[in-house]
Amino acid sequence: MNKVVIIGAGGVGTVVAHKCAQHPDVFNEIVIASRTKEKCDALAAKIGAPNITTDSVDADSVEQLCELFRRHKPVLCINVALPYQDLTIMEACLQCGVNYLDTANYEPKDEAHFEYSWQWAYRERFEKAGLTAILGCGFDPGVSAIFVAYAAKHHFSEMRYLDIADCNAGNHGKAFATNFNPEINIREITQKGKYWLDGKWVETENLEVHQPLNYPNIGERESYLLYHEELESLVLNFPTIRRARFWMTFGQEYLTHLRVIQDIGMARIDPVMYNGQEIVPIQFLKAVLPDPGSLGENYTGETSIGCRISGLDKQGNESTYYIYNNCSHQDAYRETGAQAVSYTTGVPAMVGAMMFLTGKWVMPGVRNVEEFDPDPFLDKLAECGLPWHVITGGDLEFRD
């Protein structure tokens with residue numbers, strides 16, 4: 001029996017659970033677990049599938065996670081909890097013989113910094129245990145890296161320049177809201193930028209580098225250079241890449257709110273004293289901002305995420321390749337009750353789990369998604385709600 005445990009019942013967890021329930025032939029039994037069981041119960045009731053059960057767990061506790069795994073005996077854990085909890089969940093998986101999949105790499109609570117080194121350190125232990133750990137199987141990271149692997153397999157003999165471009169052209173009607181966990185979102189966006197160039201990392205000031213880019217079916221949007229985790233693994237797994245960058249769009253109103261939040265200290269991740277007790281400003285801010293899971297009903301517009309790659313094609317000629325997906329917020333909401341940012345993360349997580357459970361992505365150790373065969377994943381991704389498109393020989397717009 002293919003039994004999976006989904007840890008997390010937020011926006012992404014909602015999509016993962018919905019999509020797993022659509023494929024009972026693969027996901028025979030589904031357990032949704034979160035700190036708050038009532039949240040899992042409400043999600044299970046909404047889906048209404050007979051093969052879903054719920055439970056509670058504190059994902060900061062290896063002991064509680066092991067108790068969860070021993071109760072349910074899953075084949076695979078789909079981790080859509082907080083990135084802070086990746087290592088405790090991986091540790092519990094090792095202790096209990098459970099395979100692992102996540103959508104974002106580990107970052108410590110007390111430092112706004114993320115990299116794969118903490119999780120890559122588990123490689124030998126997962127290999128010896130004969131367990132597969134699939135890292136970063138959302139959209140970016142996730143599909144973005146699989147797009148690169150697909151381009152390398154089918155189009156390029158040598159990839160030289162890579163730009164991952166992420167546009168959210170949606171409108172949720174709120175003065176300020178984040179599309180996923182506010183604490184994680186704001187920490188990510190307020191860090192310094194970084195990109196790969198000729199074998200080394202180049203650092204920029206926060207949102208210092210930006211330029212307008214055109215997105216299919218959307219048009220021109222100002223796009224800002226950020227550091228994003230998939231760059232770290234892609235430049236290792238595809239060493240011919242000379243330059244790798246990540247871009248994301250932001251509206252001016254969003255950036256104004258973000259600057260004020262930083263200026264008044266509400267983006268701080270260190271504790272401060274308030275009325276005789278310690279609070280972390282960014283955690284307080286999270287409590288008063290709109291829940292990302294509540295945005296879907298009134299969200300209009302769409303996302304567009306893709307990889308713009310240039311290099312030499314299989315015949316040795318200079319070539320460009322743009323592979324991307326557009327996703328409608330309203331279509332995502334109608335299907336799962338979640339907006340497109342959650343949908344584009346949750347669907348790939350389900351597809352990655354399906355690849356493992358059907359034997360297509362089984363490789364003991366700790367692996368980033370681009371290390372697996374991209375073809376069956378992308379075939380199933382298109383079938384499951386995220387069709388993708390390719391433009392060969394087009395203008396990638398970057399002049400530097």
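Since the model is a prediction, treat every value here as computed from it, not as a measurement.

Judged by how many residues are buried, strand E16 (residues 318-328) sits mostly within the fold: 9 of 11 residues are covered. Pairing between strand E15 (residues 302-313) and E16: 11 bridges, direction antiparallel. Paired with Ser304 across the two strands is Asn326, which belongs to E16. Connecting E15 to the antiparallel partner E16 that follows it, the hairpin turn spans 4 residues, and Gly316 within it adopts a positive phi of roughly 85°.

Here the focus is the sheet that holds strand E17 (residues 365-368). One open sheet holds the 7 strands; their spatial order is E3-E2-E1-E4-E5-E6-E17, and the pairing between them is parallel. On the outer flanks of this sheet lie strand E3 (52-56) and E17, each paired with one strand and no other. Strand-to-strand twist of the sheet, defined as the mean angle between neighbouring strand axes without regard to direction, takes the value 20°. Examined bridge by bridge, strand E6 (residues 132-135) and E17 share 4 bridges and lie parallel to one another. When the bridges of E17 are listed, Ile134 appears paired with Arg367. Along the sheet face, helix H3 (residues 62-72) touches strand E1 (3-7), strand E2 (29-34), E3 and strand E4 (76-79) and points at about 155° away from the line of E1. Against the sheet, helix H4 (residues 86-96) makes contact with E1, E4, strand E5 (99-102), E6 and E17, and its axis sits at roughly 160° relative to E5, the strand it touches most.

With that settled, consider H4. Within H4, 9 of the 11 residues are buried, which leaves it mostly tucked inside the rest of the structure. Within the span of H4, buried status applies to Asp86, Leu87, Thr88, Ile89, Met90, Glu91, Ala92, Cys93 and Leu94. Backbone geometry just after H4 places Gly97 at a positive phi near 70°.

Definitions and cut-offs
- Residues numbered from 1 in each chain as written.
- Predicted model: local features only at pLDDT ≥ 70, side-chain atom pairs only at ≥ 80, totals over all residues.
- Heavy atoms only, no water.
- Buried < 20%, exposed > 50% of the residue type's maximum accessible area, 1.4 Å probe, protein only.
- Helix = DSSP H or I, 4+ residues; strand = E, 2+ residues; numbered from the N terminus.
- Pairing = 2+ DSSP bridges.
- Axes fitted to C-alpha atoms, helices over the stretch in contact; angles between N-to-C directions.
- Contact = heavy atoms within 4.5 Å.

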